[in-house]
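# Geometric and topological summary
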Amino acid sequence: MELKSFRALLSTHYQLIGVLIATLIVLASMGTYTNWDSQTEFEAASSVVIKGYPYVTTGLMIDQAPLAFYMTAPVLLLFGLSYVNTVSFVTALGLGSVALVYILGTLLYGKRTGLVAAALLGMVPWQVFMSRIYMIDAQYLFLGLVFLIFGVFAVKRNSDKLLSLSGLLFALAFFTKLFAIFLIVPLLL
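Residues numbered from 1 in each chain as written. Predicted model: local features only at pLDDT ≥ 70, side-chain atom pairs only at ≥ 80, totals over all residues. Heavy atoms only, no water.

### Remarks on the environment of Val-152
Put simply, the test is: Helix and strand labels come from DSSP, where a helix needs a run of H or I of at least four residues and a strand needs a run of E of at least two; each type is numbered from the N terminus. Relative accessible area decides the class of each residue, using a 1.4 Å probe on protein chains only: under 20% of the type maximum gives buried, over 50% gives exposed, and in between gives partly exposed.
Along the chain, Val-152 turns up in helix 8 (residues 137–157). Its relative accessible area of 11% is what places Val-152 among the buried residues. Considering only alpha carbons, one finds Val-152 and Ile-21, 131 residues apart in sequence, at a separation of 27 Å.

The following block contains the structure:
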């Protein structure tokens, strides 16, 4: 029974799977990028594993919302305290964001639009770069897209439970990066 459902999934979403594979090939061919911000954020995520709080070299907590660092900590605990492991986590979230854009586009405008939107996001240089450097923007984008998807579901179904879940997801995105406040605008429109 599981094999039939897997085949049905493949036949229904083979185009999205193709986009994800193409995106993964592009991402795998890129190097691992780093800069001062990414090293500072990696230090904060490592500090969550070592000390329990997102400290940086100065001994102070980092001036970012902390949830992204706590999201990264289990990955570092499982796979080791390595910058490459955090970049792998961010790459997985980047691929997840491509899939979420497909879902959001399909919900709002249909399957073709979702597919084009996912393909465009997967190949946009900014997205490619941000999927190969450890910055908390990937967690923010992923949670923000999940928030928007559940927000659209809540509006379409007029569901208070989905609205509450959407609000919780917004809070998670907000505690990942404070720019999430701007995510409310498309949902209000």
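After that view of the structure, there is still more to cover.
### Observations regarding the nonpolar core
To be explicit about the condition: Definition of nonpolar core: a set of buried residues of the types Ala, Val, Leu, Ile, Met, Phe, Trp, Tyr and Cys, connected through side-chain atoms within 4.5 Å.
Ranked by size, the top nonpolar core spans 24 residues in total, and within it Leu-104, Ala-118, Phe-147, Ala-180 and Leu-183 carry the most contacts. The element contributing the most residues to this core is helix 8, with eight residues. Ranked by size, the runner-up nonpolar core spans 21 residues in total, among them Ala-44, Val-56, Ala-68 and Tyr-83.

### Concerning the side chain of Thr-176
Keep this limit in mind: Polar contacts here mean pairs of N or O atoms no more than 3.5 Å apart (in protein, one a potential hydrogen donor and the other a potential acceptor; neighbouring residues in sequence count only if both atoms are side-chain atoms).
Note that Thr-176 resides in the loop between helix 9 (160–174) and helix 10 (184–188). In this structure Thr-176 comes out as buried when scored by relative accessible area, which is 0%. Separated by 2.8 Å, the side chain of Thr-176 and the backbone oxygen of Leu-172 make a polar contact.

### Quick look at the packing of aromatic side chains
Under the convention used in this document: When two rings of Phe, Tyr or Trp (its six-membered ring) have centres within 6.5 Å they constitute a pair, described as stacked for plane angles under 30 degrees, edge-to-face for angles over 60, and tilted for the intermediate range.
In total, this model carries eight aromatic pairs according to the counting rule given. Pairing Phe-170 with Phe-174 gives two aromatic rings, centres 6.1 Å apart and planes at 25°, and the pair type is stacked. Highlighted residues: Phe-170 and Phe-174, both in helix 9, separated by four residues, approximately one helical turn. Its relative accessible area of 26% is what places Phe-174 among the partly exposed residues. Through successive ring pairs, a cluster of aromatic residues spans Phe-147, Phe-170, Phe-174 and Phe-175.

### Remarks on helix 9
Here is the rule we go by: A helix is expected to span 1.5 Å multiplied by its residue count minus one. To obtain the arc, one takes the directions from the helix axis to the C-beta atoms.
Between its terminal C-alpha atoms helix 9 stretches 21 Å, which fits the 21 Å expected from 15 residues at 1.5 Å a residue. Buried within helix 9 are the following residues: Leu-162, Ser-166, Leu-169, Phe-170 and Ala-173. End-on view of helix 9: buried residues confined to an arc of 105°, all on one side of the axis. For helix 9, exposure combined with an orientation more than 90 degrees from the buried face picks out Asp-160, Lys-161 and Ser-164.

### Looking at a nonpolar patch on the surface
Definition in use: Patch members must show over 30% relative accessible area and no salt bridge, and they are joined within 9 Å when carrying like charges or within 5 Å when they are nonpolar side chains of Val, Leu, Ile, Met, Phe, Trp or Tyr. Method for areas: the Shrake-Rupley scheme with a 1.4 Å probe, in which residue coverage is limited to the protein chains shown. What makes a salt bridge here is a side-chain nitrogen of Lys or Arg within 4 Å of a carboxyl oxygen of Asp or Glu, nothing more.
A contiguous nonpolar surface patch, about 370 Å² in accessible area, is contributed by Leu-3, Phe-6, Leu-9 and Leu-10. The residue Leu-10 is located in helix 1 (residues 2–12) in this model.

### Remarks on the packing of helix 5 (residues 83–109) against helix 8
Under the convention used in this document: Between N-to-C directions, angles cover 0 to 180 degrees, with each direction set by a line fitted to C-alpha atoms, over the stretch in contact for helices. Angle categories: roughly parallel below 35 degrees, roughly antiparallel above 145, roughly perpendicular from 65 to 115, and oblique for all the rest. The handedness criterion is simple: a crossing whose near helix is rotated anticlockwise from the far helix by less than a right angle is left-handed, and one whose near helix is rotated clockwise is right-handed. Should any heavy atoms of two residues lie within 4.5 Å, those residues are considered in contact.
Relative to each other, helix 5 and helix 8 sit at 20°, their axes nearing to 9 Å. Classified by the angle between their axes, helix 5 and helix 8 sit roughly parallel to one another. Between helix 5 and helix 8 lies a crossing whose hand is left-handed. Side by side, helix 5 and helix 8 meet where Phe-89, Val-90, Leu-93, Gly-96, Ser-97, Leu-100, Val-101, Ile-103, Leu-104, Leu-107 and Leu-108 of the first sit next to Ala-138, Gln-139, Leu-141, Phe-142, Leu-145, Val-146, Leu-148, Ile-149, Val-152, Phe-153 and Lys-156 of the second.

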